[in-house]
Amino acid sequence: MDTLLLCFSNSQDAPLATLTDEDRSLFDTLSPRQARGHFQIVRESYATVKSLIQRIETYQQSISVFHFAGHAGKEGILLDDAWALVGGLSAVLARCPNLKFVFLNGCATKSLVETLQKQPIKAGIVATQAPVGDTQASQFSTSLYKYLNNQYSLGEAIKRAKEDVNLSVKTNLQTRGLGQDVDMLDAENWVFINPTGEADQWSLSTNSQRQNNTYVPNKRLIESTFSALQNYDATLQKRFEDEALGDPEIDDKIKSKLIIESLSYPLAEPLRRILCPPIVSPEDLIPKPTKSRIHAYQNLFDSVISLFISTLLTQIRDLYLQTPRGKIQITEQQVAILKGYLKGEHTAFETILQTLREILKANQIPYYVEELETLVTRYYDPNAKTLFDSLEFFVDLKARFPYRGNQVISEADCLDICEIGEENLSNIAENSGFWIRYNLESYKNIRVIKYFRKAPQYKHERVRLKTSLVVSSADTTGFYREDRTPSADLWESQSVLLVKSVLEAGKIEYLNLSPFILDKNVFAKRSDNVFDLHIFESYSPIDKTLIYRRIGRPEDEPLKIQIQANDRQIEADFGVLREQFNTFTTLLFNLNYWEM
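Since we're looking at a predicted model, the values are computed, not measured. (Residues numbered from 1 in each chain as written. Predicted model: local features only at pLDDT ≥ 70, side-chain atom pairs only at ≥ 80, totals over all residues. Heavy atoms only, no water.)

Draft legend 1. Structural view of the overall build of the protein. What the protein contains, in helices and strands, is 18 helices and 19 strands. When burial is assessed residue by residue, the protein has 53% of its 596 residues classed as buried. Here the contacts in the protein between residues at least 6 apart in sequence split such that 69% fall between residues at least 24 apart. (Helix = DSSP H or I, 4+ residues; strand = E, 2+ residues; numbered from the N terminus. Buried < 20%, exposed > 50% of the residue type's maximum accessible area, 1.4 Å probe, protein only. Contact = heavy atoms within 4.5 Å.)

Okay, here's the thing in structure tokens:
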């Protein structure tokens, strides 16, 4: 197993304020993968000459990364008790046959590289060619290891980390050189030495890179999802036991079927495409790490986040419908963030989530999906970073490999990214079992039935938005059924509803998700008995078009609804949907949506 040796050393005469934070941050970032057996971390927070030599000798055969952070000079690196001269350091590192990456994160450490290169060291080396600010050195290091942890190659991780540093403030910096200050900093101060021309392609080890590879696609995702759902539905285990045959492979398929049947379509369909991908040839019967699988991960992540955000946006809309504008607590900055998000401007997930959270809290609005409040709290908990890191992994993955991108991914990279991706999906699934308590339903063709001397009744065509593990022509899951209710509550429900499934008999409690989630066939002019679910992507002010992504099939062309009705061409009447979206923008921004 590869060993990552992380050494940190403050100087008592010139302490570095952020060094302890860097130490903790790198360990927090990398330790979940250590726990999964990808590598081991040896951490020396107060390295001395003696402890450094002992650690290198102990793990000599397996050290793949040597990281030093602290004061440095032309002679070497300053440890907690004395200088470690570069000649001696070079000699002991040269005895590490598996060494792939050396990071000397101190001031002007490039001067040490020439001595390192006199030894037969083939590892890639990151060093600095000028004094570097303490804060920026820590930021660069944290960003670099974040990207390495997300299975970027070393060369790409360095490039991304430099971009992150260039976005930071550059002024009056304490540095990692004794008695030095620097007024300006540029990310190009960090240089990469690639002695073999191949070191830039190195990436952190995974289970898949070891001879005793234990990665089986879907295994962990099935187990973590099934376990999470069990926490909210005690009948799930009994249903599994009734069908289980004692064969691990077949039983996993049974669990997969129960998972898919238990969740609503926006979660179940993307998950189905991971657990049971499209079969083009007999080889596809066994799930494999491919670029298509990576995109399937992104598809599921997008659906999870879109359902999450759509639910909270709907509650903001209802706040405005039910409360006089003057009594609503909302800042101009929050309004601007919401407007930018709707217009498709680049808005970080963390930013939009925090904005929605603050608005609900300021106006004392309870979460309709109660469990989301716990999930949001966990996301922002600095002592529980696993969920945050997993969500950020997919935010980064989506930018790295867009659906319609033509990036070439090597077979080895696919294997590694699929393994890491499944681990992160499993982390998200472990926190999301509560969705089994909620159903999505679509209503259309609302009619009123009124008899003399009787209260009116409302007749709808309703479909519960579900899918099955293997969709076939005999499957009737997605068909509309006629439904009658004595309540007028559903009169405005020509749309998609999020319905609580655990309620007292006869009670209906729902959240109308229009116009953020729509069933295209609700608005179809033709007689179509199968739902076609889309989720809001953005509004384009240039084309004056509402853009929706098809759930489960993001590779399809998006649904575009223009302000100038083109409904005749697409055989649908989206007038109600336009009015729903316009109501939302006029409530929040006092603007018609085409004026945004």
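Still more ground to cover, so stick around.
Draft legend 2. Layout of the environment of Leu 577. Mapped onto the elements, Leu 577 comes out in helix 18 (residues 575–589). With 82 residues separating them in the primary sequence, Leu 577 and Ser 495 have C-alpha atoms 8.7 Å apart. The residues touching Leu 577, leaving out its near neighbours within four places in the chain, are Pro 515, Leu 518, Phe 523, Tyr 548 and Ile 561.

Draft legend 3. Molecular detail of the sheet that holds strand 18 (residues 545–550). With antiparallel pairing, four strands are arranged side by side in an open sheet as 16-17-18-19. Of all strands in the sheet, those bounded by a partner on one side alone are strand 16 (517–519) and strand 19 (559–562). Pairwise comparison of adjacent strand axes, ignoring direction, gives a mean angle of 35 degrees for this sheet. Of the strand pairs in this sheet, strand 17 (residues 533–540) and strand 18 are connected by six bridges, and their pairing is antiparallel. The residue bridging Tyr 539 from the neighbouring strand is Leu 546, located in strand 18. (Pairing = 2+ DSSP bridges. Axes fitted to C-alpha atoms, helices over the stretch in contact; angles between N-to-C directions.)

Draft legend 4. Summary view of the sheet that holds strand 7 (residues 124–128). Spatially, the six strands line up as an open sheet ordered 2-1-3-6-7-10, and their pairing is mixed. The sheet terminates laterally at strand 2 (40–44) and strand 10 (190–193), the two strands that pair on one side only. Adjacent strand axes in the sheet meet at a mean angle of 10 degrees, parallel and antiparallel pairs treated alike. Judged from the five bridges that link them, strand 3 (residues 63–70) and strand 6 (residues 101–105) form a sheet pairing that is parallel. Following the sheet pairing, His 67 is matched in strand 6 by Phe 103. Helix 2 (residues 49–58) rests against strand 1 (3–9), strand 2 and strand 3 of the sheet, and its axis sits at about 175 degrees to strand 1.

Draft legend 5. Representation of the packing of helix 11 (residues 291–322) against helix 13 (residues 349–362). Where helix 11 contacts helix 13, the axes come no closer than 10 Å and their chain directions differ by 35 degrees. Relative to helix 13, helix 11 is oriented so that their crossing is left-handed. The residues of helix 13 that touch helix 11, namely those facing Ile 305, Phe 308, Ile 309, Leu 312, Leu 313, Gln 315, Ile 316 and Leu 319, are Phe 349, Ile 352, Leu 353, Leu 356, Ile 359 and Leu 360. Within the contact of helix 11 with helix 13, the residues separate by chemical class into 13 nonpolar, one polar and no charged. (Left-handed = near helix turned anticlockwise from the far one by under 90°. Nonpolar A, V, L, I, M, F, W, Y, C, P; charged D, E, K, R; others polar.)

Draft legend 6. The arrangement of the environment of Pro 366 in detail. Tracing the backbone through its elements, the reader meets Pro 366 in the loop between helix 13 and helix 14 (370–379). Through-space distance from the C-alpha of Pro 366 to that of Gln 315 is 9.2 Å; in sequence the pair is 51 residues apart.

Draft legend 7. Region of interest: the confidence of the model for the protein. The predicted model of the protein has a mean per-residue pLDDT of 83, with 84% of residues at 70 or higher. Here strand 9 (residues 181–182) is the element of the protein with the lowest mean pLDDT, 40, and helix 7 (residues 219–230) is the one with the highest, 95. This model gives residues 171–185 a pLDDT under 50, and the stretch forms 60 contacts once residues within four places in sequence are excluded. Confidence drops under a pLDDT of 50 for residues 471–477, and excluding neighbours within four residues, the segment shows seven contacts in the predicted structure. (pLDDT = per-residue confidence, 0-100.)

Draft legend 8. The packing of aromatic side chains, seen in detail. One pass over the full model with this rule turns up 26 aromatic pairs. Ring geometry for Phe 101 versus Phe 103: centroids 5.9 Å apart, planes at 25 degrees, classification stacked. Pair check on accessibility: Phe 101 and Phe 103 agree, each one buried. By the ring-pair criterion, three or more aromatic residues cluster together here, those being Phe 516, Phe 536, Tyr 539, Tyr 548, Phe 581, Phe 584, Tyr 593 and Trp 594. Positioned above the aromatic ring of Phe 240 is the side chain of Lys 255, whose terminal nitrogen or guanidinium carbon lies 5.0 Å from the ring centre. (Phe/Tyr/Trp six-rings, centres within 6.5 Å; stacked < 30°, edge-to-face > 60°. Lys NZ or Arg CZ within 6 Å of the ring centre and 35° of its normal.)

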